[in-house]
Number of protein chains: 2
Amino acid sequence: MTRATRAAVEQVVPAPARKSDETRRRILNAALEIFRERGLEAATMREVATAAGVAVGAAYYYFPAKDAIVLAFYEEAQHVMRPALEAVLARKASLEATLRGIIQTKLNTFADNRQLMSALASHVDPKKPLSPFSAETAHIRESDLHFFQQAVMQTKLKLPKNIAPYVPRLLWLYQMGVLLFWVYDESPEQHRTAVLLDRTLKMLTVGLRLAALPLLRPLHRLAGDLLEVVYGD
Amino acid sequence: MTRATRAAVEQVVPAPARKSDETRRRILNAALEIFRERGLEAATMREVATAAGVAVGAAYYYFPAKDAIVLAFYEEAQHVMRPALEAVLARKASLEATLRGIIQTKLNTFADNRQLMSALASHVDPKKPLSPFSAETAHIRESDLHFFQQAVMQTKLKLPKNIAPYVPRLLWLYQMGVLLFWVYDESPEQHRTAVLLDRTLKMLTVGLRLAALPLLRPLHRLAGDLLEVVYGD
DNA sequence: GTCTATATGGAGATAGAC
DNA sequence: GTCTATCTCCATATAGAC
């Protein structure tokens, strides 16, 4: 079959995958627009379906629940952010600068959908699918973690042996905290979050410099002990 | 009216306040039992009303929403804990021991209703009434904060001037974190939480001892700066 | 004020059309 | 596989009985 022939066939009999992708996309876009306008809670699946020109059941065929739409948005954002995050790492700057770059990239990406993020941020319960700690979001979490691992490796920090393995996960957690704060930060232009981010990053840098002091040995032991149990296999 | 007469009257015409209190109590108890058995999400207001022997509307007359029942439970627990918390403070022990006592008292009080607490813990959004950060729970928060204030005052710590005012609130937040961890801690007998609590409290003690070091001055400045903006009026 | 009966509107499930 | 029509069950609202 030549390329032209195949194209012709596809015009007559549109590939099913193509068609369904388009419906899915239409539902997703309609939903996101309504979420942004009216807020996630206020939006109903009926509105979404109507706006997308399908029956309610169709929306549920593509997204098992309202939350799943938000998850799809998040997955897409994750994908969109990747080049920017890789660019940050490529700069091979200090850990502080790299972390700042990573977190700032996320804030920028989500800026237009800040209140939409509350759906993801507000579920702490690991059993809820949308929780950043759930099994359903594990793949996002892992791929995210990867950036923090790289950030740490690049700066060849001298970290205590018993703490080092947990540092990327701790930084990921820190970043989640900043994001959570940001989602509910109603100060003008989220100014408070900007200060939070700046000061805590600086504290991190100072803290890491001090971490090598032998005076802090007892803290290392306690922390290592704790992390082993909390993150324990 | 003699005391005997009044008692007689009350027997014939039960004071309305008395009657409604009893209904409210019946609904509350029925609800808590069902919540414990089947879990908060799975429990429906219908079940609760039926179990309490009233119509659904009656349940809503006393509690504007399902969440409000959980809040009522929490308020009651707060009241029940008070003597135990005051006893902890009366011991006038070290800050570490006092904090340990306060937090352990809470864990003990809530032990039978651990999963019920998830309703309170899982709402981070300050706009949701049940959130520990909401306006609706402000009175609980303040009264809670009071214990941490006392704990700090008793130990006459030498804290940097620009940080001292925020320490009770930071400790309250720390305690919320421990509680949150505990709610979702599925390790046997919540062993992980026990380790978390123990180690972090010890780290706090070590940390406070080191806090006085002039070496840490830059951290003080950054932290004070941060707290002023984040907790800013 | 206390409570019942009933209504409303939404999330999500399902049977079956194509 | 894709989608519509329809159903169930629930939270919450409301009219009005007592």
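The structure displayed is predicted, hence computed values, not measured ones.

Time to look at the domain arrangement of chain A. Residue and element names in this part refer to chain A. For chain A, the domain assignment lists domain 1 (14–64) and domain 2 (70–231). If you average the C-alpha positions of domain 1 and of domain 2, the two centres end up 31 Å apart. With nine residues of domain 1 at the interface, the matching set in domain 2 holds nine residues. When the two sides are added together, the surface that domain 1 and domain 2 hide from each other amounts to roughly 710 Å², 63% of it contributed by carbon and sulfur. Area buried by domain 1 at its contact with domain 2 is led by L32, R36 and L40, which between them contribute 56% of it. Counting across the domain 1 and domain 2 interface gives one salt bridge. The salt bridge partner of E76 is R25, with a shortest N-O separation of 2.8 Å. The tally of links between domain 1 and domain 2 comes to three residue pairs in polar contact (both at pLDDT 80 or more). In terms of residue class, the side of domain 1 that touches domain 2 is built from five nonpolar, one polar and three charged.

Residues in close proximity to DNA strand C total 15 residues, the closest being A:R46, B:T23, B:A55, B:Y61 and B:Y62. Those atoms of DNA strand C that come within 4 Å of the protein belong to sugar or phosphate at a rate of 68%. Contacts to DNA strand C include A:R46, whose side-chain N or O atom sits 2.4 Å from a base nitrogen. For the surface near DNA strand C, the secondary-structure elements that each account for two or more residues are α3 (45–52) of chain A together with α2 (16–38) and α4 (56–62) of chain B. At four residues, α4(B) tops the list of elements feeding residues into the surface near DNA strand C. Split by residue class, the surface near DNA strand C holds nine nonpolar, four polar and two charged.

For the rest of this paragraph, the subject is the protein's contact with DNA strand D. Taken together, 16 residues lie near DNA strand D, and A:A55, A:Y61, A:Y62, B:R46 and B:Y60 sit nearest. The sugar-phosphate share of atoms of DNA strand D within 4 Å of the protein amounts to 65%. For DNA strand D, a base nitrogen lies 2.5 Å from a polar atom in the side chain of B:R46. Here B:K66 contributes a backbone N or O atom positioned 3.3 Å from a phosphate oxygen of DNA strand D. Secondary structure elements with two or more residues in the surface near DNA strand D: α2 (16–38) and α4 (56–62) of chain A together with α3 (45–52) and α4 of chain B. The element contributing the most residues to the surface near DNA strand D is α4(A), with four residues. Per-class residue counts for the surface near DNA strand D are 10 nonpolar, four polar and two charged.

Our focus in this paragraph is the packing of helix α6 (residues 95–110) of chain A against helix α9 (residues 167–183) of chain A. Residues and elements named next belong to chain A. Remark: α6 packs on α9, axes separated minimally by 11 Å, with the N-to-C direction vectors making an angle of 35°. Relative to α9, the crossing made by α6 is right-handed. Across from L99, I103, K106, L107 and F110 in α6, the residues of α9 making contact are L171, Y174, Q175, V178, L179 and W182. Split by residue class, the contact of α6 with α9 holds nine nonpolar, one polar and one charged.

What follows covers the relation of the copies chain A and chain B. Mapping chain A onto chain B calls for a screw motion: a turn of 180° about the axis and a shift of 0.0 Å along it, with 0.1 Å RMSD after fitting. In short, the pair behaves as if placed about a two-fold rotation axis. A share of 100% of interface residues in chain A that are also interface residues in chain B marks the association as one of identical surfaces.

Attention now moves to the pattern of salt bridges. All names here are of chain A. All chains considered together, the criterion is met by 26 salt bridges over all chains. A salt bridge links R38 to E47; the nearest nitrogen and oxygen atoms lie 2.5 Å apart. Under the relative-accessibility criterion, R38 is labelled partly exposed at 43%. Taking the shortest distance from any N to any O, the salt bridge between R82 and E86 comes out at 3.3 Å. You can see R82 and its partner E86 sitting in helix α5 (residues 66–90), four residues apart, about one turn around the helix. What makes R82 partly exposed here is its relative accessible area of 33%.

Here the distance between the centres and the angle between the planes together describe a pair of aromatic rings. Here the structure, examined in full by the defined rule, presents 10 aromatic pairs over all chains. With a centroid separation of 5.4 Å and 15° between ring planes, the pair formed by B:Y74 and B:F110 is classed as stacked. Placement of B:Y74 in helix α5 (residues 66–90) and of B:F110 in helix α6 (residues 95–110) is noted, with a sequence separation of 36 residues between them. For the pair B:Y74 and B:F110, one class covers both residues: buried. Members of the aromatic cluster, joined through ring pairs, are A:F73, A:Y74 and A:F110. Over the ring of A:Y231 we find A:R169; its NZ or CZ atom is 4.8 Å from the centre of that ring.

The interface is formed by 33 residues belonging to chain A together with 33 residues belonging to chain B. Across the chain A/chain B interface, buried area totals approximately 2900 Å², and carbon plus sulfur atoms make up 76% of it. Linking chain A with chain B are six salt bridges, by the criterion used here. A:D225 serves as the salt-bridge partner of B:R199, at 2.5 Å between the closest nitrogen and oxygen. In this assembly, chain A and chain B are joined by 10 residue pairs in polar contact (both at pLDDT 80 or more). At the level of secondary structure, the elements contributing two or more residues to the side of chain A that touches chain B comprise α9, α10 (191–211) and α11 (217–230) of chain A. No other element matches α10(A), which puts 10 residues into the side of chain A that touches chain B. Broken down by class, the residue content of the side of chain A that touches chain B amounts to 20 nonpolar, four polar and nine charged.

Rules used in this analysis
- Residues numbered from 1 in each chain as written.
- Chains lettered and ligands numbered in written order.
- Predicted model: local features only at pLDDT ≥ 70, side-chain atom pairs only at ≥ 80, totals over all residues.
- Heavy atoms only, no water.
- Domains from an automatic or database assignment.
- Contact = heavy atoms within 4.5 Å.
- Buried area = accessible area lost by both parts, 1.4 Å probe.
- Salt bridge = Lys/Arg side-chain N within 4 Å of Asp/Glu carboxyl O.
- Polar contact = N/O pair within 3.5 Å; in protein donor to acceptor, adjacent residues only side chain to side chain.
- Nonpolar A, V, L, I, M, F, W, Y, C, P; charged D, E, K, R; others polar.
- Near = heavy atom within 4 Å.
- Helix = DSSP H or I, 4+ residues; strand = E, 2+ residues; numbered from the N terminus.
- Axes fitted to C-alpha atoms, helices over the stretch in contact; angles between N-to-C directions.
- Left-handed = near helix turned anticlockwise from the far one by under 90°.
- Least-squares fit on C-alpha atoms with pLDDT ≥ 70 in both.
- Buried < 20%, exposed > 50% of the residue type's maximum accessible area, 1.4 Å probe, protein only.
- Phe/Tyr/Trp six-rings, centres within 6.5 Å; stacked < 30°, edge-to-face > 60°.
- Lys NZ or Arg CZ within 6 Å of the ring centre and 35° of its normal.

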